[in-house]
Amino acid sequence: MSLFTNLYISFFPVSIIFLNSANAARFGVRNNCPYTVWAAAVPGGGRRLNQGEMWALDVPAGTTGGRIWARTGCQFNASGMGRCTTGDCWGLLQCQDYGTPPNTLAEFALSQFNNMDFIDLSLLDGFNVPMEFSSNSDRCNQVIRCTADIVGQCPDELKIDGGCNGACRVFFKDRCPDAYSYPRDDASSTFTCPGGTNYKVVFCP
Ligand SMILES: *[C@@H]1O[C@H](CO)[C@@H](O)[C@H](O)[C@H]1NC(C)=O
């Protein structure tokens, strides 16, 4: 800990926030899609990402049930209220709760049992945008991808505007074997890294 940090802590009780953010994992969220997406994160909120743009998001250690996903076809007014065709979170630009399926999900729990992070890409809530979820660190080397054209190949009965509904385990598992496609699919699709690892999430990798 630096001298500056020590001074900071002794003079500012509010520095607990500073300490927590020092313990946070950084998620670099990048949009490589040839269209605009509105990235969403719980915890974290949301942001419009044009093609090629990145959002650096710090997530506190100890977070469970964390999710990052893409929203498409959004319109928001100056108060950050509106709606999206896929992934909408109660009409808010700054998501406070999970989105409406179908949406491809990067899921994580940070610094859990044995100080391990648990990460997966989930198709349990269906699919809207191809994603890659990877560790961005020397300490861990995990890359989870789901890049199949699931929307294009979606069976008619599962299709909705901009997405493909879940509930079809054979279809998804066949196309994205690394992704978590049905409840209890942990063996092939949940990955771990040491706590404190940073991550990258790419839409349309
Ligand atoms: C944005 O939309 C919401 C919900 O329709 C409305 O209550 C709010 O006044 C709007 N804000 C602006 C600045 O238009």
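None of these values were measured; they are calculated from a predicted model.

What to know about the nonpolar core
Consideration 1: F27, V29, I68, F133, I150, V201 and F203 are the most contacted members of the largest nonpolar core, which totals 41 residues.
Consideration 2: Every residue in contact with F27, bar those within four places of it in the chain, is listed here: W55, A56, L57, V59, I68, F108, L110, F133, Y199 and V201.
Consideration 3: Core analysis: the next-biggest nonpolar cluster, separate from the first, contains 6 residues, A40, V42, W69 and C89 among them.

Things to note about the sheet that holds strand β11 (residues 143–146)
Consideration 1: Spatial strand order, β4-β1-β15-β10-β11: 5 strands in an open sheet with mixed pairing. Here the strands that pair on one side only, and so sit at the sheet edges, are β4 (54–59) and β11. Strand-to-strand twist in this sheet, taken as the mean axis angle between neighbours without regard to direction, amounts to 15 degrees.
Consideration 2: Relative to β4, strand β1 (residues 25–31) is paired through 6 bridges, and the arrangement is antiparallel. Looking across to β4, one finds that A25 is bridged to V59.

Some thoughts on the pairing of strand β14 (residues 191–194)
Consideration 1: Where burial is concerned, the two faces of β14 differ: the one with F191 and C193 is buried and the one with T192 and P194 is not.
Consideration 2: Where strand β9 (residues 116–122) and β14 come together, 4 bridges link them in antiparallel fashion. Considered in β14, the bridge of F118 is made with T192.

Notes on the sheet that holds strand β8 (residues 105–109)
Consideration 1: With antiparallel pairing, 6 strands are arranged side by side in an open sheet as β3-β2-β5-β8-β9-β14. The open sheet has two free edges, formed respectively by β3 (45–49) and β14, since each of these has just one partner strand. Here the strands of the sheet are splayed against their neighbours by 20 degrees on average, with no regard to which way each runs.
Consideration 2: Strand direction decides the pairing type here: β8 and β9, joined by 5 bridges, are antiparallel. Residue pairing for β9: A106 is matched across the bridge by L121.

Some details on the pattern of salt bridges
When charged atoms on two side chains of opposite charge get close, those side chains can pair.
Consideration 1: Under the counting rule described, the total for this entry stands at 6 salt bridges.
Consideration 2: Measuring nitrogen to oxygen at the nearest pair gives 3.7 Å for the salt bridge that ties E107 to R67. Linking E107 in strand β8 with R67 in strand β5 (residues 66–71), this pair joins segments that are 40 residues apart in sequence.
Consideration 3: In this structure, the salt-bridge partner of R67 is D125, at a minimum N-O distance of 3.5 Å. Taken together, the positions of R67 in strand β5 and D125 in the loop between β9 and β10 (131–135) put the pair 58 residues apart, joining distant regions of the chain.
Consideration 4: Of the residues examined, R67 reaches a relative accessible area of 13% and is grouped as buried.
Consideration 5: Salt bridges sharing partners connect three or more residues here, namely R67, E107 and D125.

Conventions adopted
Residues numbered from 1 in each chain as written. Predicted model: local features only at pLDDT ≥ 70, side-chain atom pairs only at ≥ 80, totals over all residues. Heavy atoms only, no water. Core = buried A, V, L, I, M, F, W, Y, C linked by side-chain atoms within 4.5 Å. Buried < 20%, exposed > 50% of the residue type's maximum accessible area, 1.4 Å probe, protein only. Contact = heavy atoms within 4.5 Å. Pairing = 2+ DSSP bridges. Helix = DSSP H or I, 4+ residues; strand = E, 2+ residues; numbered from the N terminus. Axes fitted to C-alpha atoms, helices over the stretch in contact; angles between N-to-C directions. Salt bridge = Lys/Arg side-chain N within 4 Å of Asp/Glu carboxyl O.

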